[in-house]
Amino acid sequence: MLLGVWLGKLMAWLLRLTGRRATSLPGQLALRLTPRLLSQLGGQLRRCVIVTGTNGKTTTANLLAHMMEQAGPLVHNREGANLPQGLVTALLQYTSWLGRLRVSTALFEVDEATLPAVAACLPVKVAAVTNVFRDQLDRYGELDGALGKLLTGLRQTQAVLVLNADDPLAHFLGLRCGRPVVAYGMSRSCVQTHSHQQVRDGAFCLECGTRLTYDGFFYGQLGLYRCPACGFLRPHPDVLGVWQGDALEVEEAQLPRVRYHLPVRGLYNVYNALCAIACARVLGLNAEQIAAGLAQFQAPLGRMQAFTTRPPSVLHLVKNPAGCDSVLAAVQAEPGRKVVCAAIHDLAADGRDVSWLWDADFEQLASDPSVVSCVATGLRAEDMAVRWKYAGVARERIACHPDLAEGLALAFAAAAQQGATVHCLATYTALAPLADLLQRREQADASQPAYRPSVS
Amino acid sequence: MPRSLRIAHLYPDLLNLYADRGNIRTLVQRCRWRGLAVEVTAVPAGDVPRLHEYDLVLLGGGSDREQQLVGQTLRRYQAEWRAAVAAGLPLLAICGGYQLLGEYYELPSGERVPGLELLEMTTVAKSPRLIGNIAIASAKCGTIVGFENHGGRTYHRHPPLGRVLRGHGNNASDGTEGVRWLNVFGTYIHGPLLPKNPRLADQLLRTALRYAGLPDELEPLDDELELAAHAAFLERRLQLSTQQTEGSHSPGEERLPAGHPSRPT
Ligand SMILES: [Zn+2]
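Quick summary incoming for the structure in this document. These numbers come from a predicted model, not from an experiment. (Residues numbered from 1 in each chain as written. Chains lettered and ligands numbered in written order. Predicted model: local features only at pLDDT ≥ 70, side-chain atom pairs only at ≥ 80, totals over all residues. Heavy atoms only, no water.)

## What about the overall build of chain B?
Each helix and strand counted, chain B has eight helices and twelve strands in total. Put simply, chain B has 265 residues, and 58% of those count as buried. In chain B, the share of contacts with a sequence separation of at least 24, taken over all contacts with a separation of at least 6, comes to 67%. About 10900 Å² of surface is accessible on chain B, with carbon and sulfur atoms providing 51% of the total. (Helix = DSSP H or I, 4+ residues; strand = E, 2+ residues; numbered from the N terminus. Buried < 20%, exposed > 50% of the residue type's maximum accessible area, 1.4 Å probe, protein only. Contact = heavy atoms within 4.5 Å. Areas by Shrake-Rupley, 256 points an atom, 1.4 Å probe, with all protein chains shown as cover.)

And the structure:
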């Protein structure tokens with residue numbers, strides 16, 4: 001075991017020395033030498049909290065980490081490296097050269113497909129499922145497969161499950177796992193009034209196959225659902241959220257409502273905050289610790305990350321239809337004119353199949369006059385451009401270049417001409433290179449006084 | 001004014017796993033851009049499909065559970081399906097919908113889930129799943145590109161939709177992909193199928209217009225973006241050049257298989 005620990009730690013040290021991020025490689029190397037390292041290190045923990053699900057894992061886990069750190073030190077795979085090697089890398093940071101873990105609590109974001117392989121290695125006391133949307137079909141087979149993996153993984157734990165009551169698939173998981181459940185959900189008053197075509201995953205009752213009816217939708221499949229045939233229905237949330245702009249009021253049985261200031265934008269992020277708060281309450285944290293944790297949070301890479309370029313730009317991660325629709329809605333809610341620049345890659349981590357572009361509601365861009373131009377870039381730029389054309393975006397508003405730097409240049413040129421903000425949408429592997437390009441542009445713009453707006 | 005072209009999308013609430021919505025969207029837009037009237041009926045699960053009211057029917061793919069639900073529903077109207085398809089009803093069936101057209105789908109347990117029996121075709125589930133980018137050469141519309149993701153190996157004696165250039169196709173062994181019989185188009189290709197394959201989309205539209213008794217002349221469209229996406233996919237994803245594939249279907253493939261009814265003139 002020690003050889004694995006040493007080489008892993010050494011590798012992490014070398015990577016940091018050369019200025020690189022050490023999120024997975026040290027763990028990968030250590031695991032190759034000591035395959036059972038995860039359970040050997042994980043076994044030394046007193047308690048472990050797991051955040052899994054399709055969308056919002058990283059944001060939820062980071063919010064929760066800040067809350068938990070108010071109560072003590074924490075092992076956490078902060079950069080979202082959510083495969084076994086990522087978990088081991090995080091654990092190695094707190095492991096002595098003698099193989100002793102110096103911290104007793106861990107918080108891990110875990111990929112759904114990875115959960116069955118790691119659940120039994122860790123003393124999981126709390127497991128949160130943010131939602132179960134379709135995600136990366138070619139990696140997991142089909143949706144039934146993703147649900148099955150979650151079920152298998154969660155059943156291996158002794159955890160209290162923190163589940164999204166508004167998601168029929170997450171609720172179904174709770175019914176099937178036989179573990180105690182704390183459900184969180186949004187108040188009726190937050191139901192969306194507009195009726196875009198909804199993403200229909202899980203729109204059928206998993207118990208009996210009948211179509212679910214909804215009294216209202218929050219977004220995607222999240223809403224006030226019930227099965228007319230068998231009585232499967234959205235449970236009343238134990239932790240209920242009422243969203244009011246930049247604040248979230250949280251209600252628990254018998255307790256007075258608590259109002260929290262939100263460090264995030266957009267309904268999908270409000271769900272992440274609510275999930276983190278529900279976990280924190282299960283872990284026994286109080287309102288002050290939760291509020292202090294929220295206050296320390298900074299939006300991670302690509303979650304509405306703003307850049308002070310000229311024109312200004314915002315970077316968003318998109319990876320599946322539900323996530324993409326939330327991002328598009330958030331972009332449209334921003335004031336002023338927008339240029340949308342979508343960087344679509346299809347490498348293994350993105351999912352090789354880009355058919356999800358057709359399930360996302362790009363039609364809403366076509367009908368929004370504030371979206372003045374759409375630029376497609378990345379390895380699958382042309383697919384994105386075709387999708388926009390068929391969504392009804394006028395041909396002259398569509399531009400396309402597969403090279404990220406060239407595509408971004410087109411977007412900034414259009415935005416400068418039209419007085420617009422550039423909203424970059426990027427799939428997973430396009431995110432870091434795009435952030436890099438935006439940062440460089442930020443620096444270049446700051447050092448060019450000629451373009452600075454006049455002070456008078 | 002001529003009547004509109006009537007397209008039915010069967011069970012979009014159940015069978016829409018691979019963005020089949022994109023296929024509908026493509027057909028509808030390509031009609032609208034030419035000033036052709038078109039209406040789409042989404043037939044929800046549980047409704048009786050009134051086949052005589054449609055000029056083109058789309059059947060998509062679903063997860064295994066959903067597909068079984070659809071299979072049970074469809075088999076109740078087997079006689080109607082057989083009559084309609086024999087009379088030339090244009091049908092586009094993708095992935096799970098394609099498998100349902102056959103005699104049965106054999107699960108790994110050996111259990112056989114009966115299909116609609118419209119085609120002399122069987123499918124056997126096997127590991128591993130056949131997943132990846134695919135290009136085929138078809139006689140009538142050149143290369144067809146897309147993505148495939150299926151556990152089933154499908155075998156039949158009908159003419160295929162095309163010959164596999166890259167990828168797996170029907171069964172990863174005989175080099176065929178899909179089926180092209182009467183006015184039935186069946187395939188494992190999604191991604192979705194039609195947006196990047198505008199020639200196939202137009203062939204389908206012409207077939208439907210003819211069946212509807214409407215003029216089947218289609219005005220050419222500006223397909224610059226679509227063909228760019230098609231070419232980029234061939235070159236960047238499959239390392240095939242457009243010229244290579246254009247030359248690859250020999251005149252022999254243009255000939256119809258023996259026993260096939262003569263081509264309509
Ligand atoms: Zn039910």
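Still more to cover.
## Looking at the sheet that holds strand β2 (residues 38–43) of chain B
All names here are of chain B. Strand order in the open sheet formed by six strands is β2-β1-β3-β4-β12-β11, with mixed pairing between adjacent strands. Strands with a single pairing partner mark the edges of an open sheet, and in this sheet they are β2 and β11 (179–181). Recorded for the sheet is a direction-independent mean angle of 15 degrees between the axes of neighbouring strands. Two elements, strand β1 (residues 5–10) and β2, share six bridges in a ladder whose sense is parallel. From the neighbouring strand, Ala8 faces β2, where its bridge partner is Thr41. (Pairing = 2+ DSSP bridges. Axes fitted to C-alpha atoms, helices over the stretch in contact; angles between N-to-C directions.)

## Structural notes on the environment of Ala247(A)
Residues and elements named next belong to chain A. You can see Ala247 is positioned in strand β10 (residues 247–252). Note on Ala247: relative accessible area 4%, which makes it buried. Along the backbone, Ala247 and His261 are 14 residues apart, and their C-alpha atoms lie at a distance of 4.5 Å. The contacts of Ala247, once residues within four sequence positions are left out, are Val242, Arg259, Tyr260 and Leu262.

## What to know about empty space enclosed by the protein
With a probe scaled to a water molecule rolled over the atoms, the places where space remains empty come into view. Residue and element names in this part refer to chain B. In total, this model carries eight cavities of 30 Å³ or more according to the counting rule given. When its volume is computed, the second largest cavity comes out at roughly 150 Å³. Lining the second largest cavity are twelve residues, with Gln67, Gln68, Leu100, Tyr105 and Val113 positioned closest to its centre. Mapped onto the lining of the second largest cavity, the elements with two or more residues apiece are α2 (64–75), α4 (96–100), β5 (104–106) and β6 (112–114). Considering each element in turn, the lining of the second largest cavity owes the most residues, four residues, to α2. Looking at the lining of the second largest cavity, its residues break down into six nonpolar, five polar and one charged. (1 Å grid on protein atoms, 1.4 Å probe; cavity = no way out; pocket = protein on both sides within 12 Å on 5 of 7 lines; lining within 4 Å. Points joined across faces, edges and corners; volume = space filled by probe spheres on them. Nonpolar A, V, L, I, M, F, W, Y, C, P; charged D, E, K, R; others polar.)

## Digging into the pairing of strand β8 (residues 222–226) of chain A
Residues in a regular strand point their side chains to alternate faces of the sheet. All names here are of chain A. When you tally the buried positions in β8, you get four out of five residues, the bulk of the element. Two strands pair when backbone bridges link them, and strand β7 (residues 213–219) and β8 are joined in this way by four bridges, in the antiparallel orientation. Of the residues in β8, the one forming a bridge with Phe217 is Gly223. The turn linking β7 back onto β8 is made up of two residues, and Gly220 within it adopts a positive phi angle of 50 degrees.

## With respect to the nonpolar core
Leu64(A), Met67(A), Phe362(A) and Trp388(A) are the most contacted members of the largest nonpolar core, which totals 79 residues. For this core, the leading source of residues is helix α10 (residues 267–282) of chain A, giving twelve residues. A domain-level breakdown of this core finds at least three residues from each of domain 1 (2–296) and domain 2 (303–446) of chain A. Every residue in contact with Met67(A), bar those within four places of it in the chain, is listed here: Ala276(A), Ile277(A), Ala280(A), Leu285(A), Gln289(A), Ile290(A), Gly293(A) and Leu294(A). Counting 57 residues, the second largest nonpolar core, distinct from the first, contains Ile24(B), Leu74(B), Ile144(B) and Ile189(B). (Core = buried A, V, L, I, M, F, W, Y, C linked by side-chain atoms within 4.5 Å. Domains from an automatic or database assignment.)

## Notes on the layout of surface pockets
Residue and element names in this part refer to chain A. In this structure, the largest pocket encloses a volume near 1200 Å³. As for the largest pocket, its lining consists of 47 residues, and the residues nearest its centre are Thr58, Glu79, Gly80, Arg303 and Tyr428. At the level of elements, α4 (57–69), α5 (84–93), α7 (137–140), α10, β13 (313–317), α12 (321–333) and α16 (428–446) are the ones that each hand at least two residues to the lining of the largest pocket. For the lining of the largest pocket, the class distribution of residues is 15 nonpolar, 21 polar and eleven charged. Mapping the lining of the largest pocket onto the domain boundaries places at least three of its residues in each of domain 1 (2–296) and domain 2 (303–446).

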